[in-house]
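# Residue-level structure breakdown
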Amino acid sequence: MLLPIVMLLLCLIGGGAVLFYLKTSKPGSKTPLNLSEQTAQQFVNVQDIRDNFLYTQDGWLLCYLRIFPISLDLLSSSEKKLLINKLTAELSSIRFPFKFLAVSRPVDISPLISELVTAIPTADTKQKELLRQEIAEMNTLALSGEVVERQFYLILWQQQEKGERELLEKAKRLVQHFEDGQVQARVLKQHEVVQLCNLVNNPSFIHLEDSYFSANIPVLKEV
């Protein structure tokens, strides 16, 4: 007889707790339970992209640096060691966190194909054959989407309450350290931050050219 009584008491306590929660919860505090109920803006967590910064909805401010790669195959062993030691010395003074990001982007090889096409009329018979084979190979690579390049970025962040100036100064200082270490780097501008977001979220369909944009309202003109 003791077990049914205990179970009945537990059910009463649990039902009372659920009823109390439903009465005390605010009507406007309901959040989406699954991804299908979220908007694209809520899912991405981007509030705005302005100048060199990305603003998130949870109060963070992000700044991006692009690091241009160098070919280590062109350096000797002593040059590689010198480059490593120089970069280590330059970055050893950095005392704030940053995140490294490497993404792949399709390469636009249309200028190379155009250059090969313009060289055909002035070539001899053997050269024309080789140029046509090279153009066909380039077209195959372009259609397959296998021609990609690796791009490297650094991400800096801080709370929005601290302001933009402090974060921008950190980014410029980090760029200077990389350039002193013989590695080219720069801070991304507004359209480049948008392009990077598209590249990370949808790399298969990112446009090859730089995307410049402006905020405006579309207007239908009379014909």
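Report follows, based on the coordinates.

Thresholds applied
- Residues numbered from 1 in each chain as written.
- Predicted model: local features only at pLDDT ≥ 70, side-chain atom pairs only at ≥ 80, totals over all residues.
- Heavy atoms only, no water.
- Helix = DSSP H or I, 4+ residues; strand = E, 2+ residues; numbered from the N terminus.
- Buried < 20%, exposed > 50% of the residue type's maximum accessible area, 1.4 Å probe, protein only.
- Areas by Shrake-Rupley, 256 points an atom, 1.4 Å probe, with all protein chains shown as cover.
- Phe/Tyr/Trp six-rings, centres within 6.5 Å; stacked < 30°, edge-to-face > 60°.
- Axes fitted to C-alpha atoms, helices over the stretch in contact; angles between N-to-C directions.
- Parallel < 35°, antiparallel > 145°, perpendicular 65-115°, else oblique.
- Left-handed = near helix turned anticlockwise from the far one by under 90°.
- Contact = heavy atoms within 4.5 Å.
- Nonpolar A, V, L, I, M, F, W, Y, C, P; charged D, E, K, R; others polar.
- Salt bridge = Lys/Arg side-chain N within 4 Å of Asp/Glu carboxyl O.
- Core = buried A, V, L, I, M, F, W, Y, C linked by side-chain atoms within 4.5 Å.
- Patch = residues over 30% accessible without salt bridge, like charges linked within 9 Å, V, L, I, M, F, W, Y side chains within 5 Å.
- Pairing = 2+ DSSP bridges.

## Side note on the overall build of the chain
- Counting its secondary structure elements, the chain contains 7 helices and 6 strands.
- Going from N to C terminus, the chain has its helices and strands arranged as α-α-β-β-β-α-β-α-α-β-α-β-α.
- Put simply, the chain has 223 residues, and 26% of those count as buried.
- Accessible surface computed for the chain: about 16700 Å², of which carbon and sulfur atoms make up 60%.

## Some thoughts on the packing of aromatic side chains
- Taken as a whole and assessed by the stated rule, the structure comprises 1 aromatic pair.
- Ring centres of Phe100 and Phe152 lie 5.9 Å apart, and the angle between their planes is 20°; this geometry places the pair in the stacked category. You can see Phe100 sitting in strand S4 (residues 99-106) and its partner Phe152 sitting in strand S5 (residues 148-159), a full 52 residues away along the chain.
- Look at Phe100 and you get exposed, because its relative accessible area is 51%.
- Phe152 sits in the partly exposed class, given a relative accessible area of 22%.

## Focus: the environment of Gln190
- Turning to its location among the elements, Gln190 is positioned in helix H7 (residues 190-201).
- Considering only alpha carbons, one finds Gln190 and Ile49, 141 residues apart in sequence, at a separation of 6.6 Å.

## What to know about the packing of helix H3 (residues 77-91) against helix H6 (residues 164-180)
- At a closest axis distance of 8 Å, the pairing of H3 and H6 adopts a crossing angle of 155°. It follows from the interaxial angle that H3 and H6 lie roughly antiparallel. Seen from above, H3 lies across H6 with right-handed handedness. Counted together, Lys86, Leu87, Glu90 and Leu91 of H3 and Leu174, His177, Phe178 and Asp180 of H6 form the full contact between these two elements.
- In terms of residue class, the contact of H3 with H6 is built from 4 nonpolar, 1 polar and 3 charged.

## Observations concerning unusual backbone geometry
- Residue Asp51 is not a glycine yet carries a positive backbone phi of 55°.
- By the secondary structure assignment, Asp51 is in the loop between strand S1 (46-50) and strand S2 (53-56).
- A relative accessible area of 43% places Asp51 in the partly exposed class.
- Look at Gln182: it is not a glycine, yet its phi comes out positive at around 65°.

## Considering the environment of Val175
- When you line up the elements, Val175 lands in helix H6.
- Placed 109 residues apart in sequence, Val175 and Arg66 show a C-alpha to C-alpha distance of 9.0 Å.
- Setting aside chain neighbours within four positions, we find Val175 in contact with Leu65, Ala185, Arg186 and Val187.

## Description of the pattern of salt bridges
- This model, assessed by the stated rule, comprises 6 salt bridges.
- Note that Arg186 and Glu192 form a salt bridge whose closest N and O atoms lie 2.6 Å from each other.
- On the accessibility criterion, Arg186 (29% relative accessible area) is partly exposed.

## A closer look at the nonpolar core
- Core analysis: the biggest nonpolar cluster contains 20 residues, and Leu65, Leu156, Leu174 and Phe178 have the highest contact counts within it.
- Elements supplying a minimum of two residues to this core: S2, strand S3 (60-67), H3, S5, H6 and strand S6 (185-187).
- The element best represented in this core is H6, accounting for 5 residues.
- Those residues in contact with Leu156 that sit more than four places away from it in its chain are Leu61, Leu62, Cys63, Leu65, Phe96, Pro97, Phe98, Leu167, Lys170, Ala171 and Leu174.
- In terms of nonpolar packing, the next biggest core, distinct from the first, is built from 14 residues, Leu54, Leu188, Val193 and Cys197 among them.

## A short note on a nonpolar patch on the surface
- Residues Trp60, Phe98 and Trp157 make up a contiguous nonpolar surface patch of about 260 Å² in total accessible area.
- Note on placement: Trp60 falls in strand S3.
- For Trp60, a relative accessible area of 32% corresponds to the partly exposed category.

## Examining the pairing of S5
- Of the pairings in the sheet, the one linking S3 to S5 comprises 8 bridges and is antiparallel in character. Of the residues in S5, the one forming a bridge with Ile67 is Phe152.
- The pairing of S4 with S5 spans 8 bridges and is antiparallel. In the sheet register, Ser104 faces S5, and the bridge partner there is Arg150.

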